[in-house]
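Listed below are the residues making up each chain.
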Amino acid sequence: MYTPDFDYYAPQTVQEVCSLLTQFGSKAKILSGGTDLMVKLKHGTIDYEVLISLKELNELKGITYQEGKGVVVGARTTHNDLVNSDILNEKYLSISEAAHHMAGNQIRNIGTIGGNIVNAVPSADLPPIFIALGAIVTILGPEGERTVPLEDFFTGPGKTVLAQNEIVTYITIPDQPTTGSNYIKFGLRRSGALAVVGVASSVTMEGNIIKDARIALGAVAPVPMRAKNAEAALIGKEYTDELLEQAGVAASQECSPISDIRGSAEYRRDMVRVFTKRSLKASITKGHSGEHLETEHGK
Amino acid sequence: MQAIVDKEGIKRYLISLTVNGDTYTVVVKANTMLVNVLREELNLTGTKKGCETGDCGSCTVIMDGKPVNSCIILALEADGKEITTIEGVAQNGVLDKLQESFLNQTAVQCGYCTPGMILSAKALLTRNPNPTEHEIREAIAGNLCRCTGYVNIVKAIKEAAGQPVDEH
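Residues numbered from 1 in each chain as written. Chains lettered and ligands numbered in written order. Predicted model: local features only at pLDDT ≥ 70, side-chain atom pairs only at ≥ 80, totals over all residues. Heavy atoms only, no water.

Caption draft 1: Quick peek at the pattern of salt bridges. Residue and element names in this part refer to chain A. Taken as a whole and assessed by the stated rule, the structure comprises 24 salt bridges over all chains. The partner of arginine 226 in a salt bridge is glutamate 151, with the nearest N and O atoms 2.6 Å apart. Here the residue arginine 226 occupies a position in strand 14 (residues 225-226), and glutamate 151 occupies one in the loop between strand 7 (144-149) and strand 8 (154-156), the gap between them amounting to 75 residues. We classify arginine 226 as buried; its relative accessible area is 18%. Among the residues examined, glutamate 151 registers a relative accessible area of 22% and is labelled partly exposed. Linked by salt bridges that have partners in common, Glu151, Arg214, Arg226, Lys228 and Glu231 make up one network. (Salt bridge = Lys/Arg side-chain N within 4 Å of Asp/Glu carboxyl O. Helix = DSSP H or I, 4+ residues; strand = E, 2+ residues; numbered from the N terminus. Buried < 20%, exposed > 50% of the residue type's maximum accessible area, 1.4 Å probe, protein only.)

Here you go:
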């Protein structure tokens, strides 16, 4: 199985990537890990005359902690780099767990977080937990750098705010030392399955009172979405199981799932209710955590 | 990277790969996949082609210590990398303990997934010499065996790790 012919560039600087994108316009595409791009090229669902490889850009690879800024993850960091990161395992186990349950080992060794985000697949696993933790995307274009909260980055399935000549360089997770977070992936199989429903949450407690909460849902709307009504139901209230149930109901009402081969809209909506409740509880009681569950017939 | 354009205007690139300890210089097109270089240029046909879309793992090779799907990696992206294929697992004519344990445990049925399985297992045991069954299953989750012979494959990897294996 072959891809169509294309021209290949492997620039030495990120600025050069932007110049090439400007020069070739919509004929060019960035090649990061290629785990999605190569498959689409082979299937003929897309076609580009030019691929711009990021292979020489080691500065976009890796995870650092910067005092006062937070955890900074380069766009070329692979999923297994997230899984094996000491910084994430200590600070945001929820992120490394979300990455751990993606695809299979071979894909996790090659696929990058930049690609996972820029592809804007509604069921992608990383956006919900990043959104729940308030992650900021850094974008470089010919005019310089700009930042966008990840929750405002997606505009539709496969669509983002990224201009044709811009590239995502980093994701930053701001410091939130008293917050707990969690991601639950619910799939048809334990490995190599897309999420039927993905629910991420982060909660900051003050004694028994929920001071702040963020809920982000995957695979139940055209884009990874915040469940703001559910969050509003929680903030300022005392933590009880009934309250979390109410938030689950609110989240299930505000999402807009479709029916497809992985599950019906009705089923997804009800699973959003269940997993929102569970995810919030984990964020409150377990620090940072992640879980992967499969449907009954997947067992 | 050196490129050569022929009189029909087709561009080819000169890349260098270290495969099973030997360094090769090969000429590839931009859209040549790593699996095709291994199989067609270097005649290392132990690396199999299955789905060719990164799902089945039969094309697994170890690149810079990590198992990857060679069917969705451009040869150009592998320029300068160190690659181990199934042909590089046995050393000096002596089978690797994983190859021995796959034979002992009858972990091979049709055999098509076996090279990929062994390379995924090899990368696991190099990184983690004493894995749990869960870790073994996770490590080979990206390798599909359509004979569904997973039980014996897991046993074989346990045996290679020096762990007790249930006899039936």
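Caption draft 2: Geometry of the domain arrangement of chain A. All names here are of chain A. Examined at the domain level, chain A breaks down into domain 1 (7-53), domain 2 (58-173) and domain 3 (179-298). Counting from both sides, the interface comprises 15 residues of domain 1 and, opposite them, 16 residues of domain 2. In total, about 1,200 Å² of surface goes out of reach between domain 1 and domain 2, with carbon and sulfur atoms giving 63% of it. Taken together, domain 1 and domain 2 are joined by zero salt bridges. Remark: the boundary between domain 1 and domain 2 carries four residue pairs in polar contact (both at pLDDT 80 or more). Of all the elements in the fold, those that place two or more residues in the side of domain 1 that touches domain 2 are helix 1 (14-24) and strand 2 (28-31). At six residues, helix 1 tops the list of elements feeding residues into the side of domain 1 that touches domain 2. (Domains from an automatic or database assignment. Contact = heavy atoms within 4.5 Å. Buried area = accessible area lost by both parts, 1.4 Å probe. Polar contact = N/O pair within 3.5 Å; in protein donor to acceptor, adjacent residues only side chain to side chain.)

Caption draft 3: Local environment of helix 1 (residues 34-41) of chain B. All names here are of chain B. Every buried residue belonging to helix 1 is among Leu34, Val35, Asn36, Val37 and Leu38, and all of these are buried. Of the surrounding elements, those touching the buried residues of helix 1 are strand 2 (11-19), strand 3 (22-29), strand 4 (60-63) and strand 6 (82-84). Of the residues trailing helix 1, asparagine 43 is marked for its positive phi of about 55°.

Caption draft 4: Broad picture of the sheet that holds strand 2 of chain A. Residues and elements named next belong to chain A. The three strands are arranged 1-3-2 in an open sheet whose pairing can be described as parallel. Strands at the two margins of the open sheet, each flanked by one partner only, are strand 1 (7-9) and strand 2. Averaged over neighbouring strand pairs, the angle between their axes works out to 25° when direction is ignored. (Pairing = 2+ DSSP bridges. Axes fitted to C-alpha atoms, helices over the stretch in contact; angles between N-to-C directions.)

Caption draft 5: Up close: the sheet that holds strand 12 (residues 195-206) of chain A. All names here are of chain A. The sheet built from five strands is open, its strands ordered 14-13-12-11-15 with mixed pairing. Since the sheet does not close on itself, it has two edges, and those belong to strand 14 and strand 15 (288-294), each with one partner. Pairing of strand 12 with strand 13 (residues 209-218), which is carried by nine bridges, proceeds in the antiparallel orientation. Bridging across to strand 13, glutamate 206 finds its partner in isoleucine 209.

Caption draft 6: Layout of the pairing of strand 2 of chain B. All names here are of chain B. Here strand 1 (residues 3-5) pairs with strand 2 via three bridges, running antiparallel. Counted as the bridge partner of isoleucine 4 is arginine 12 from strand 2. Here strand 1 folds back onto strand 2, and the loop between the two strands holds five residues, one of which, glycine 9, carries a positive phi near 85°. Strand direction decides the pairing type here: strand 2 and strand 3, joined by eight bridges, are antiparallel. Within the sheet, the bridge partner assigned to serine 16 lies in strand 3 and is threonine 25.

Caption draft 7: Highlighting unusual backbone geometry. Phi angles above zero are rare outside glycine, and asparagine 43 of chain B is one such case at about 55°. What makes asparagine 43 of chain B exposed here is its relative accessible area of 60%.

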